[in-house]
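Descriptive structure summary
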Amino acid sequence: MANVFTVDGGGDKFAYASVENGKVTQLRVFRAPTSMDGLKDQILQATADGIKKYDGIGFATAGIVQNHTTIVQSPNLHWLDTVNLKEWAQNAFGLSCWVSNDIEAAGIGELKEGELQGVRCGIIDTISTGLGGCTIIRIPGAKELVIPGEPGHMVNFGLQGPLCGCGKFGCNEARYSGGAIRRRVKGLFGDQIPSDIDPCRFLDQEADKGRPWALQLYKEVGEGIGLGWVNTLNRNGWIEKIVYMGKFGVYGMKHMRPHIEEVIQIGAMFPHHKDISIVRSRLWPNGAHIGAAAIFEEHEV
């Protein structure tokens, strides 16, 4: 088994870890860099004892990934657009690097060690700065399929609404993601939010106190996420379980869940989907690291 240095790159933060024999050791977490030079500096800081001790790099990040080497487009990290990270890592560190969509990596982690063990077909979504997701399918006698998707960029409202980071209007991510809600709450309350509190945590606190505006906002978000999920369920009768992860989803689910479940009850066409299991990933926040290391080993070991 390889000793893999892994990167889980999100819109707000980058987490760095090492993975060996399926064991994740968290190294450092930084605010998301804004350039390739910034990324290199963070990697060097996270590997203060030397990056050459690792067999290579497994890199997971949001966006469209081609051939497990190149970021085609990253909606929230445009400095990564069109970058061939495999070539970059070889030039910068002399190490091999394999790249995956972050939710593809998380899906592989769930297949191996998490909530999707033994499930014929399931979906895993991240509800965080953005909205990402993938579908997993097990076919007896064949390799499991992990199919990355971009559910945050489903267009449910025509080409209307706020501008999304991908450059389009009308995306779910621009309305219901943690990043979108953070902007809305900050716009509503501005300096009334203490400087040391994230606007999404302020929303949680206000909802816990029963503030009508906060409960209404969570109702809107829950219905939006529920619509996204019910549309996915109605396209695939095999789905048995929904797994969610991401800070905004994990913290806010207690307020969103009743509205999500109501939308699914009303909108699901397959009877077995009306009460589908919706569970938090028990690997979060390490699932993407496990999957990124597995993808590296698939190509290198």
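Here, every reference points to the structure presented above.
First, a word on what this report is: a plain description of the structure on this page. The model shown is predicted, which means the values in this text are computed figures rather than measured ones.

About the criteria used
- Residues numbered from 1 in each chain as written.
- Predicted model: local features only at pLDDT ≥ 70, side-chain atom pairs only at ≥ 80, totals over all residues.
- Heavy atoms only, no water.
- Pairing = 2+ DSSP bridges.
- Helix = DSSP H or I, 4+ residues; strand = E, 2+ residues; numbered from the N terminus.
- Axes fitted to C-alpha atoms, helices over the stretch in contact; angles between N-to-C directions.
- Contact = heavy atoms within 4.5 Å.
- Buried < 20%, exposed > 50% of the residue type's maximum accessible area, 1.4 Å probe, protein only.

If you walk across this open sheet you meet the five strands as β10-β9-β8-β11-β12, and the pairing is mixed. Taken across any chain shown, the strands that pair with only one partner, and hence form the sheet edges, are β10 (145–149) and β12 (277–280). Direction aside, neighbouring strands of the sheet carry axes that sit 20° apart on average. Where strand β11 (residues 241–245) meets β12, four bridges bridge the pair, whose relative direction is parallel. Bridge assignment links Y244 to a residue of β12, and that residue is R280. In the packing of helix α3 (residues 102–113) onto the sheet, contacts are made with β8 (121–127), β9 (131–137), β10 and β11, and the angle to β9 comes to roughly 40°. Relative to β8, helix α7 (residues 212–235) is tilted by about 155°, and along the sheet it contacts β8, β11 and β12.

Once that is clear, we can look at unusual backbone geometry. Omega for the peptide link from W284 to P285 comes to 10°, which places this bond in the cis form. Even without a glycine there, the phi angle at N21 is positive, about 55°. Mapped onto the fold, N21 is located in the loop between β2 (13–20) and β3 (23–31). Under the relative-accessibility criterion, N21 is labelled exposed at 56%.

Two faces, one strand: in a regular strand the side chains alternate between the faces of the sheet. Across the five residues that make up strand β7 (residues 97–101), a large majority, five, are buried. Here β7 shows no split at all, with C97, V99 and N101 on one side and W98 and S100 on the other all buried. Across five bridges, the pairing between strand β4 (residues 56–61) and β7 is parallel. Counted as the bridge partner of A60 is S100 from β7.

Read these as geometric descriptors, not functional statements.
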